[in-house]
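Letter by letter, the chains look like this.
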Amino acid sequence: MAQTPHRRTATSSMTQQDSTLERYFGIRRYGSTLRTELLAGLATFLAAMYIIVVNPSILSDAGIPFSAGLSATVLISFLSSLAMGLYARNPILVAPGMGMNALFAYTLVQGAGLPWQVALGCVFWSGVLFALLAFFNVRKAIVEAIPDSLRFGITCGIGLFITFIGFKNAGFVVDNGATLVSLGELTPALITFIAGMLLTAILVTLRVNGALVLGIVITTLVAIPLGRLWGADVIVAWSGLAAWPDFSAMWQVDLWGALQVAYWPFIFVMLFTNFFDALSCFLALSEAADLKDDKGQPRNLKRSMTVDAFASMIAAPLGTSAAQTFIESGVGVAQGGRTGIVGVVCGLLFLPFLFLSPLLSLVPAIATAPALVMVGVFMLAPVGRIEWQKMDQAFPAFLAIIVMPLTYSITLGIAFAFLSFVAIKLCTGRLTEIKPAMWVTAVLCAIMLVTTQ
C-alpha cells in the first residue's frame, strides 16, 4: 500500500530527527538505542533525586534557608547535567555532591566559623582553580600516571561505596556500638527493600529492558501499604503537588572575603576533594561501561572535567555547595546508557522540581536502594583484572577498594591508594615506575590528609 504524502513527510521527519541525534550523540555507534538512553536517564534521576531534599537539609545546618537551598540544588543540577550531556556528551549526572555539602556545612561553617556567604566564596575559588587544571589539561598527566591496577581498584571501591550507600539508605546496614555496623531490624520496610532487591536482580538476570527502573517503580508500589495495612511508618505519602521556588540565597556569595590567607587551606581541600572525586568517578564509569577513546582513556574526559569545574563555580552564586559528578550515574550506565542523552534527560527531569518538590516523597529510599546495590555488582567486574600476584600493584588497589566504603569517602580511598603505591615503589627501588604526576599527586594527598584530620 502506497504511503500518503502526509505519512511520507512524517516518516522523513522522524528519520531526519533520528539521523541528527545519531550524528551528535552516536547512539548506535556506542551500541545503544534512544529508548535505552531515555530509560537510563530516568533510572539515574530516580536514584539521585534524593539530593533535591538531602542537600538543602545539610545546607540549612550552615544557615542557608531550606527552600533556598532546594531551589539552588535544582537549578545547578539542571544546568550542569544538561551541559554534561550536550557539551561533554557523557551519560553522567552532575549535582551538589554528598561529602562536599558536609564539608561546606560542618567543617567550614560550623567547625571553622565561616559565614556561609564566605564559605560559598571558597566553593567558587576552588571551582576557578579546578577550571584552570581542566584548561591546562593537568588531568591528562594524572590519568596517564595512574596504573591500570589502581584504576580497577578505584572502580571496584566506588562500586562497594555505592552499594554501602544503598544498604544504609534502606536500613539494611545500621550503626552498632559493639561491631560498628550490623544488619538492621527486619521491619516491614526492610523486608520490602530485600524483596525489591531480589526482584531487581531477577529482572537484570532475565535481561529485562529497563530492569532498574522497573525495580524502583515496583518497590515503590509495594511500599505504599506500609504504615497503612500493617505496623510501620508511612513512607509513601502524598505531601502536596507544588511549592514556589526561593531564590533568597542567590548572589549572596562573598568572593573577596574568601580570599583571606586563613581560608586558603579550605579552598585547597575543596579543590582536592572535588577534583579527585570527579576524576575517580570518570575512571570508574569508563571502566564499568567501556566509555573510552581510541587510546584507552576515559571518553571526553577534558570536556567532562571542564563541566565539573564550571558547575562548582556556578553553584556558589546560586547558593549551594559544589556540584560534581554523581556516583549514582552508575545506575544509568548499568541500565545501558552510553551517550550524553542520559545527562540531558537527567537535567530536564530536575527542572520541574523547582515547583514540584513535594512529589519527591512518593519515591522512598528503600525503592532506589536496590538500584544502588546492583550498581556495585556491575562495578566490581574489573576486580579480576587486578594483578593480585604483584603486591606492588595489588596492595594499593586493595586499599582503594576497602578504604572507600569503610571510611565513607572516595577521596580517602584514593589518597591512601596513591600514597601506598608511591611508598612501595620508593622502598623497593622502583623509582622509574613512578611518573612525575604521581609524585605530585602523592604530595597533595599527604597535604590533604594532614589538613583535614
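Residues numbered from 1 in each chain as written. Predicted model: local features only at pLDDT ≥ 70, side-chain atom pairs only at ≥ 80, totals over all residues. Heavy atoms only, no water.

Taking an unreviewed UniProt entry as the reference, the chain is identified by name as AGZA family xanthine/uracil permease-like MFS transporter belonging to Chromohalobacter marismortui. Under the UniProt heading Subcellular location (unreviewed entry), the note attached to the chain is "Cell membrane". (UniProt positions renumbered as here; feature names shortened; annotations may be inferred.)

What to know about the overall build of the chain
Scanning the chain from terminus to terminus reveals 18 helices and four strands. Here the C-alpha radius of gyration of the chain, 22 Å, is about what a compact globule of 453 residues would show, namely 22 Å. Judged by the C-alpha coordinates and their principal axes, the chain covers about 75 × 50 × 45 Å. Counting only residues that meet the buried cut, the chain has 54% of its 453 residues in that class. Sequence separation of at least 24 residues holds for 78% of the intrachain contacts in the chain that already meet a minimum separation of 6. Looking at the chain as shown, the accessible area adds up to about 19400 Å², and 68% of this sits on carbon and sulfur atoms. (Helix = DSSP H or I, 4+ residues; strand = E, 2+ residues; numbered from the N terminus. Rg over C-alpha atoms; globule rule 2.2 N^0.38 Å. Buried < 20%, exposed > 50% of the residue type's maximum accessible area, 1.4 Å probe, protein only. Contact = heavy atoms within 4.5 Å. Areas by Shrake-Rupley, 256 points an atom, 1.4 Å probe, with all protein chains shown as cover.)

Brief notes about the packing of helix α4 (residues 66–88) against helix α14 (residues 341–350)
The description of two packed helices rests on the angle between their axes and on the distance between the axes. Axis separation between α4 and α14 bottoms out at 7 Å; the angle between their running directions is 160°. Comparing the axis directions of α4 and α14 gives the class roughly antiparallel. As α4 runs across α14, the sense of the crossing is left-handed. Only G343, V344, C346, G347, L348 and F350 of α14 make contact with α4, whose side of the interface consists of V74, S77, F78, S81, L82, G85 and L86. For the contact of α4 with α14, the per-class residue count stands at eight nonpolar, five polar and no charged. (Axes fitted to C-alpha atoms, helices over the stretch in contact; angles between N-to-C directions. Parallel < 35°, antiparallel > 145°, perpendicular 65-115°, else oblique. Left-handed = near helix turned anticlockwise from the far one by under 90°. Nonpolar A, V, L, I, M, F, W, Y, C, P; charged D, E, K, R; others polar.)

Quick notes on the pattern of salt bridges
This model, assessed by the stated rule, comprises four salt bridges. A salt bridge links E433 to K425, with the shortest nitrogen-to-oxygen separation between them at 2.4 Å. Assessed through its relative accessible area of 42%, E433 is described here as partly exposed. Overall, the relative accessible area of 0% leaves K425 in the buried class. Connected via shared salt-bridge partners are D392, K425, R430 and E433. (Salt bridge = Lys/Arg side-chain N within 4 Å of Asp/Glu carboxyl O.)

Some thoughts on the side chain of R151
For R151, the location among the structural elements is in helix α8 (residues 148–170). Buried and unpaired, R151 has no salt bridge, with D148 as the nearest side chain of opposite charge at 4.4 Å. The residues contacting R151, other than those within four sequence positions of it, are V143, E144, I146, L283, E287, G296, Q297 and P298. (Lys, Arg positive; Asp, Glu negative; His and termini not counted.)

Here we look at the confidence of the model for the chain
Detail in the predicted coordinates should be disregarded across regions flagged by low pLDDT. Looking at the chain, pLDDT values average 84 and 94% of them are 70 or higher. Per-element confidence in the chain is highest for α14, whose mean pLDDT is 94, and lowest for helix α1 (residues 5–25), whose mean pLDDT is 62. (pLDDT = per-residue confidence, 0-100.)

Thoughts on helix α16 (residues 391–407)
The end-to-end C-alpha distance of α16, which contains 17 residues, comes to 23 Å, matching closely the 24 Å that a straight helix rising 1.5 Å per residue would cover. Where the residues of α16 are buried, they touch α8 and α17 (410–427). Y408 sits one or two positions beyond α16 and adopts a positive phi of about 60°. (Expected span 1.5 Å × (residues − 1).)

Describing the pairing of strand β3 (residues 180–183)
Note that strand β2 (residues 173–176) and β3 share four bridges and pair antiparallel. In the sheet register, V173 faces β3, and the bridge partner there is L183. Where β2 hands over to β3, the hairpin turn is made up of three residues, counted between the paired strands. (Pairing = 2+ DSSP bridges.)

Focus: unusual backbone geometry
Backbone geometry at R89 places phi at a positive 60°, although glycine is not the residue there. Accessibility expressed as a relative area gives 28% for R89, which makes it partly exposed. Phi angles above zero are rare outside glycine, and L180 is one such case at about 70°. When you line up the elements, L180 lands in strand β3. What makes L180 exposed here is its relative accessible area of 68%.

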